[in-house]
Amino acid sequence: MLALDFSKQKVLVRVDFNVPLNDKNQITDDTRIQKSLPTLKYILDHGGALILMSHLGRPLKSKKEDGSIDVDKFTLKHLLTHLEESLGVHVHFAKDTVGSEASQKAKNLEPGEVLLIENTRFQPEEEKGDEDFARKLSSLADIFINDAFGTAHRAHASTTTVAQFFDKEHKGFGFLMNSEIENATKLLQNPDHPVTAIIGGAKVSDKIQLIEKITEFADHILIGGGMSYTFLKAKGGSIGKSLFEEDYIDLASELLEKCQEKNVNLMLPRDSKIANDFSNDANTKTVDSMNIPHDWMGLDIGPDAIDDYRKIILESKTILWNGPVGVFEMENFSKGTFAIAQAVADSTSEGAFSLIGGGDSVSAINKSGLSEKVSFISTGGGAMLEFLEGKELPGIKAIRD
Ligand code: AMP
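Model, not experiment: these values are computed from the prediction.

Thresholds applied
Residues numbered from 1 in each chain as written. Predicted model: local features only at pLDDT ≥ 70, side-chain atom pairs only at ≥ 80, totals over all residues. Heavy atoms only, no water. 1 Å grid on protein atoms, 1.4 Å probe; cavity = no way out; pocket = protein on both sides within 12 Å on 5 of 7 lines; lining within 4 Å. Points joined across faces, edges and corners; volume = space filled by probe spheres on them. Helix = DSSP H or I, 4+ residues; strand = E, 2+ residues; numbered from the N terminus. Domains from an automatic or database assignment. Near = heavy atom within 4 Å. Polar contact = N/O pair within 3.5 Å; in protein donor to acceptor, adjacent residues only side chain to side chain. Areas by Shrake-Rupley, 256 points an atom, 1.4 Å probe, with all protein chains shown as cover. Sits in = over half its atoms within 2 Å of the grid points. Pairing = 2+ DSSP bridges. Contact = heavy atoms within 4.5 Å. Axes fitted to C-alpha atoms, helices over the stretch in contact; angles between N-to-C directions. Phe/Tyr/Trp six-rings, centres within 6.5 Å; stacked < 30°, edge-to-face > 60°. Lys NZ or Arg CZ within 6 Å of the ring centre and 35° of its normal. Left-handed = near helix turned anticlockwise from the far one by under 90°. Nonpolar A, V, L, I, M, F, W, Y, C, P; charged D, E, K, R; others polar. Core = buried A, V, L, I, M, F, W, Y, C linked by side-chain atoms within 4.5 Å. Buried < 20%, exposed > 50% of the residue type's maximum accessible area, 1.4 Å probe, protein only. Buried area = accessible area lost by both parts, 1.4 Å probe. Salt bridge = Lys/Arg side-chain N within 4 Å of Asp/Glu carboxyl O.

Description of the layout of surface pockets
Of the voids in this model, the largest pocket is the one considered here, and its volume is about 610 Å³. Taken together, 28 residues line the largest pocket, and the ones lying closest to its centre are D16, R32, T379, G380 and G381. Looking at the lining of the largest pocket, the elements with two or more residues in it are helix 1 (31-45), helix 13 (360-367) and helix 14 (381-388). Mapping the lining of the largest pocket onto the domain boundaries places at least three of its residues in each of domain 1 (10-173) and domain 2 (181-388). When its volume is computed, the second largest pocket comes out at roughly 520 Å³. Lining the second largest pocket are 31 residues; nearest its centre among them are G201, A202, K203, P324 and D360. Those elements giving two or more residues to the lining of the second largest pocket turn out to be helix 8 (204-214), strand 14 (297-301), helix 13 and helix 14.

Looking at the site of the ligand
Taken together, 15 residues sit near the ligand, with A202, K207, G298, E329 and D360 positioned nearest. With respect to the ligand, the backbone of G298 contributes an N or O atom lying 3.0 Å from a nitrogen atom. Measuring from an oxygen atom of the ligand, one finds a side-chain N or O atom of E329 at 2.4 Å. Coverage of the ligand by the protein amounts to 81% of the 500 Å² it exposes when considered alone. Applying the majority rule of atoms within 2 Å of the grid points places the ligand in the second largest pocket.

Examining the sheet that holds strand 7 (residues 195-199)
Strands sit in the order 10-8-7-15-16-17 across an open sheet of six strands; the sheet is parallel. Edge positions in the sheet fall to strand 10 (265-267) and strand 17 (376-377), since each has one partner strand and no second. Pairing of strand 16 (residues 353-356) with strand 17 involves two bridges; the strand directions are parallel. From the neighbouring strand, L355 faces strand 17, where its bridge partner is F376. Of the strands in this sheet, strand 7, strand 8 (220-223), strand 10 and strand 15 (318-322) touch helix 11 (residues 303-314), which is tilted by about 150° from strand 8. Along the sheet face, helix 13 touches strand 15, strand 16 and strand 17 and points at about 105° away from the line of strand 15.

Structural notes on the packing of aromatic side chains
Counted according to the given criterion, the structure contains three aromatic pairs. Geometrically, the ring pair formed by Y42 and F175 is edge-to-face, given 5.3 Å between the ring centres and 85° between the ring planes. Taken together, the residues Y42 in helix 1 and F175 in helix 7 (residues 175-188) connect sequence positions 133 residues apart. Centroid distance F144 to F166: 5.9 Å. Interplanar angle 25°. Geometry classified as stacked. Taken together, the residues span a long stretch of sequence, with F144 in strand 5 (residues 143-146) and F166 in the loop between strand 5 and strand 6 (171-173) at a distance of 22 residues. One aromatic cluster in this structure is built from F6, Y42 and F175. The ring centre of F244 lies 5.0 Å from the NZ or CZ of K233, which sits over that ring. A cation over a ring is seen here: K285 above W296, with NZ or CZ 4.5 Å from the ring centre.

Topic: the packing of helix 7 against helix 14
Two elements in contact, helix 7 and helix 14, have axes separated by 10 Å at closest approach and are oriented at 35°. Between helix 7 and helix 14 lies a crossing of right-handed hand. On helix 14, the residues touching E180, I181, A184, T185, L187 and L188 of helix 7 are M384, F387 and L388. Classifying every residue of the contact of helix 7 with helix 14 gives seven nonpolar, one polar and one charged.

Quick word on empty space enclosed by the protein
As enumerated under the stated definition, the model contains one cavity of 30 Å³ or more in all. The volume enclosed by the largest cavity comes to roughly 70 Å³. Around the largest cavity sit V15, D16, R32, K35, S36, D147, F149, G150, L176 and T379, which together line it. In terms of residues, the lining of the largest cavity owes the most to one element, helix 1, which gives three residues.

Some thoughts on the sheet that holds strand 14
Each strand in a sheet pairs with its neighbour through backbone hydrogen bonds, running either in the same direction (parallel) or in the opposite one (antiparallel). Taken in spatial order, the three strands make up an open sheet running 12-11-14, and their pairing is antiparallel. Whereas interior strands pair on both sides, the edge strands pair on one side only; in this sheet they are strand 12 (284-288) and strand 14. Looking at each pair of strands side by side, their axes are set apart by 40° on average, direction ignored. Pairing of strand 11 (residues 271-275) with strand 12, which is carried by five bridges, proceeds in the antiparallel orientation. By the bridge assignment, D271 is partnered in strand 12 with D288.

Topic: the nonpolar core
Core analysis: the biggest nonpolar cluster contains 69 residues, and I199, I221 and F231 have the highest contact counts within it. Aside from chain neighbours lying at most four places away, what touches I221 is A197, I199, I211, I214, T215, C259, V264, N265, L266 and M267. Among the nonpolar cores identified, the runner-up in size contains 28 residues, and L76, L83, L87 and I145 belong to it.

Digging into the domain arrangement of the protein chain
Assigned domains within the protein chain: domain 1 (10-173) and domain 2 (181-388). The distance between the C-alpha centroids of domain 1 and domain 2 comes to 36 Å. On the side of domain 2, eight residues touch domain 1, which itself brings six residues to the contact. Buried surface at the junction of domain 1 and domain 2, summed over both partners, amounts to about 660 Å²; 73% is from carbon and sulfur atoms. When residues of domain 1 are sorted by the area they lose upon contact with domain 2, K35, F149 and H153 head the list and together hold 76% of the total. Applying the counting rule to domain 1 against domain 2 returns zero salt bridges. Of the residues belonging to the side of domain 1 that touches domain 2, the class tally is two nonpolar, two polar and two charged.

This is the structure we're talking about:
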């Protein structure tokens, strides 16, 4: 992006303004807007005019009873005041994306001015990656910048197809997108060893591809969360009522063997905090993870597992963390996840590179108050997962092609 000349240019920027709103349509977490500001301010400071496009929610999946789009709920207009305050300039708004209002307002835009066009997902063509719609979007501007890492794994019109209408000298990644790619690449290519991946979350099925990819370069894989119990069962353990995916037990066994062959230390939690009900008020005790009583379920890693994992994390030079190691939303089962957050922060302060890759581990690190103490927190849940699995994301490829 730094190589492009924005002076007197109209710059179409795909941002990820898919922010959470409350029932009064107020933004409850503006992280995504804040993260886009360096790119937007840079373009304005270098003489460009901004045309911003984003999706918000899933308007086509939540239509009104009469089949029409719920514009009042999903309009990007809800973001206008906050965006103006954040950017410090007036922001024009177009009630369409490629219609006459957007075209006219884009045409009249002067350097230093900003236009926000309406939710791209109001158009059914968006999610189909429609060429005609993308061409119309491209005709609004001279340059295209993609800064929406969170949707880079979708081959939609505004994230991917639109890029084909700009040549290499007129398109690029924004600063956020660049840093996401750089940090994830740092982890995948020539990381400093020992490399440790902490993989938690609910299900093996969601993370199996990630774990397979990680066996190619990690020294330690520390498993936690609901998925532990499918692995423990594959090893012959009794897991009581813990989360279990029968269809994945063979894959789990294969992965355990593969790690042994490759000398990758895949660890399962030695002990678990178990409960007699999926509730914060349930009775609890700590037991050997291989011997969970019949009517009980594992909802957090236990103190011995915390000690094991902390030791390994502190000895690591590169750390990836994806997914909580317990039901951290419930206070009584959050200890393991917060202990992992602390260990990752402590190791980072000793010089390790740490990447928190998407989803619930991001909210866990934020909740722990340690977000400033890790190297990089990804803004892209699904996109980061796919990137780390080694897939080429369509939104990235379209800029590079
Ligand atoms: P994921 O989106 O796959 O990273 O999963 C995150 C979810 O996994 C969180 O909502 C956790 O509450 C849940 N989770 C973590 N550990 C367990 C567990 N032992 N049993 C059930 N759910 C869990």
